[in-house]
Amino acid sequence: MNVYEAVTSRRAVRGFTGRPVRREVLERVLAAAAWSPSGSNLQPWHVYVLTGAPLAELKRRAGERVASGDPWDEREYPMYPPELKSPYRERRSAFGRERYGALGVGRDDWEARQRAAAANWQCFGAPAALFCYIDGDMGPPQWADVGMYLQTVMLLLREEGLHSCPQMAWSVYRSTVAEVLKPPEGLVLFCGLSIGYEDVTVKHPRTGRAPLGETVTFVGDPARRLQAA
Ligand SMILES: Cc1cc2nc3c(=O)[nH]c(=O)nc-3n(C[C@H](O)[C@H](O)[C@H](O)COP(=O)(O)O)c2cc1C
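Rules used throughout
- Each residue is numbered by its place in its chain's sequence as written, counting from 1.
- Per-residue local features are limited, in this predicted model, to residues with pLDDT of at least 70; the limit for side-chain atom pairs, both in listing and counting, is 80 or more; totals at the level of whole chains, interfaces and linings are taken over all residues.
- The basis for every side-chain value is the complete set of heavy atoms in the structure, and neither hydrogens nor water enter the calculation.
- Labels follow the DSSP assignment, with helices taken as runs of H or I lasting at least four residues and strands as runs of E lasting at least two, numbered in each case from the N terminus.
- Under the scheme applied here, a residue whose accessible area is under 20% of the maximum for its type counts as buried, over 50% as exposed, and between as partly exposed, the area being computed with a 1.4 Å probe on protein chains only.
- Contact criterion: two residues are considered in contact whenever any of their non-hydrogen atoms come within 4.5 Å of each other.
- Working definition of accessibility: Shrake-Rupley area with a 1.4 Å probe, residue cover restricted to the visible protein chains.
- By the counting rule applied here, Lys and Arg register as positive and Asp and Glu as negative, while His and the ends of each chain are not counted.
- Note on charges: their place is set at NZ of Lys, CZ of Arg, CG of Asp or CD of Glu.
- Put simply, a residue is near a molecule or strand once any heavy atom of it comes within 4 Å of that molecule or strand.
- Think of a polar contact as two N or O atoms within 3.5 Å of one another; within protein, one of them needs to be a possible hydrogen donor and the other a possible acceptor, and neighboring residues in sequence only count if both atoms come from side chains.
- The nonpolar class holds Ala, Val, Leu, Ile, Met, Phe, Trp, Tyr, Cys and Pro. Asp, Glu, Lys and Arg form the charged class, and all remaining residues, Gly among them, are polar.
- Each pair of strands is called paired provided DSSP finds at least two bridges between the two strands.
- Each Phe, Tyr or Trp ring (for Trp, its six-membered ring) is paired with any other whose centre lies within 6.5 Å, and the angle between the two planes then decides the class: stacked below 30 degrees, edge-to-face above 60, tilted in between.
- Whether a charge sits over a ring comes down to the Lys NZ or Arg CZ being within 6 Å of the ring centre and within 35 degrees of the ring normal.
- Axis lines are fitted through C-alpha atoms, for helices just across the contact stretch, and the angle between N-to-C directions can take any value from 0 to 180 degrees.
- Working definition: roughly parallel below 35 degrees, roughly antiparallel above 145 degrees, roughly perpendicular at 65 to 115 degrees, and oblique for all remaining angles.
- Left-handed describes a crossing whose near helix is turned anticlockwise from the far helix by less than a right angle; the clockwise case is right-handed.

The next subject is the overall build of the protein. Across its full length, the protein carries nine helices and four strands. Counted from the first residue to the last, the protein has its helices and strands arranged as α-α-β-α-α-α-β-α-β-α-β-α-α. Overall size of the protein, expressed as C-alpha extent along the three principal axes, is 65 × 40 × 40 Å. Taken across its 229 residues, the protein has 36% of its residues classed as buried. Nonlocal contacts in the protein, meaning residues at least 24 apart in sequence, comprise 86% of its contacts between residues at least 6 apart. Summing over all exposed atoms, the protein offers an accessible surface of approximately 13,700 Å²; the carbon and sulfur share of this is 56%. Of the side chains in the protein, 29 bear a positive and 26 a negative charge, and the two mean positions are spaced by 5 Å.

Take the site of the ligand next. Near the ligand, the surroundings consist of 16 residues, among which Ala12, Arg14, Asn120, Ala169 and Arg209 are the closest. Residue Asn120 places a side-chain N or O atom 2.9 Å away from a nitrogen atom belonging to the ligand. In this structure, Thr207 approaches the ligand through a side-chain N or O atom, which is 3.3 Å from an oxygen atom. The element best represented in the shell around the ligand is strand S3 (residues 163–167), accounting for three residues. A class-by-class count of the residues in the shell around the ligand yields eight nonpolar, three polar and five charged.

Let us look at the pairing of strand S4 (residues 187–196). The side chains of a regular strand alternate between both faces of the sheet. Across the 10 residues of S4, 10 count as buried, placing the element largely inside the fold. The sheet contact formed by strand S2 (residues 128–135) and S4 spans eight bridges and is antiparallel. By the bridge assignment for S4, Leu130 is matched with Leu193. Pairing of S3 with S4, which is carried by five bridges, proceeds in the antiparallel orientation.

Moving on: the packing of aromatic side chains. Throughout the structure, instances matching the rule amount to eight aromatic pairs. One aromatic cluster is present, built from ring pairs that chain together Trp72, Trp121 and Tyr173. In this structure, Arg19 packs its charged tip against the face of Tyr197, placed 3.8 Å from the ring centre. One Lys or Arg, Arg92, reaches over the ring of Tyr80 and ends 5.0 Å from the middle of that ring.

It is the contact of helix H2 (residues 23–33) with helix H6 (residues 140–159), at a shortest axis distance of 9 Å, that shows an interaxial angle of 140 degrees. By the criterion of interaxial angle, the relationship of H2 to H6 is oblique. Both H2 and H6 take part in a crossing whose hand is right-handed. In this structure, H2 uses Leu26, Val29, Leu30, Ala32 and Ala33 to contact H6, whose residues at the interface are Tyr149, Thr152, Val153, Leu156 and Leu157. For the contact of H2 with H6, a count of residues per class yields nine nonpolar, one polar and no charged.

The next subject is the sheet that holds S2. Backbone-to-backbone hydrogen bonds pair the strands of a sheet. The strands run either parallel or antiparallel. Strand order in this open sheet of four strands is S1-S2-S4-S3, and the pairing throughout is antiparallel. Bordering the open sheet on either side are strand S1 (46–51) and S3, each of which pairs with just one other strand. Along the sheet, successive strands turn relative to each other by an average axial angle of 20 degrees, direction set aside. Contacts from H2 reach S1, S2 and S4, with the element oriented near 165 degrees to S1. Packing of helix H3 (residues 52–68) onto the sheet brings it into contact with S1 and S2, and relative to S1 it is tilted by some 95 degrees.

Next up, the structure:
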């Protein structure tokens, strides 16, 4: 698989088979992902990998919280700005239409949306999950480092025939995650990453992207400069 194939075949998979993921595969992926870049090589990611009985226990505890309507933990970071302006607002709405439309859930059916979202806390059936923390005193550049690291993990997983789903949703049950993982004081849970083999019977609409011109500005004429070189 070349890098373009890894990038374009990666997507947020929300349905996994129970087929276990071998420990040595995860170690190979994470050892390679350690070569991700970070400002001044801080490598600000703190990663916990959960499989087997501890993951089952986390899913059980999270499932209990969901079932009892237990309120979410206080946020440690805002997932989105409080007022999303254009064009982000429209992109979020389009995503919601795609994601929940595929499940046959209507725009205003809050309960059905919540039921669908609850699958997050079962890792969409995945037999492995990674939880990524960052020190609470790190700033936006280090959070960006962590994002690059996670994308590297996700691309390497593709090479191994695996899929993944990054999940900020886990941050709302961060105290439950902490009960199982027991991270040191001062770490903030950024997200979980469910990992496994795709359940191909689950319908997956491909999430679209904005046209290149909306997000990329070329300044100068790279094609002509290339020819001259
Ligand atoms: C940091 C981050 C957090 C995310 N959190 C969730 C989540 O909690 N639950 C979920 O189902 N998808 C989550 N996603 C997946 C996004 O919805 C998805 O990446 C986006 O819609 C683009 O679709 P694609 O990844 O399938 O191309 C997250 C993605 C990122 C990068």
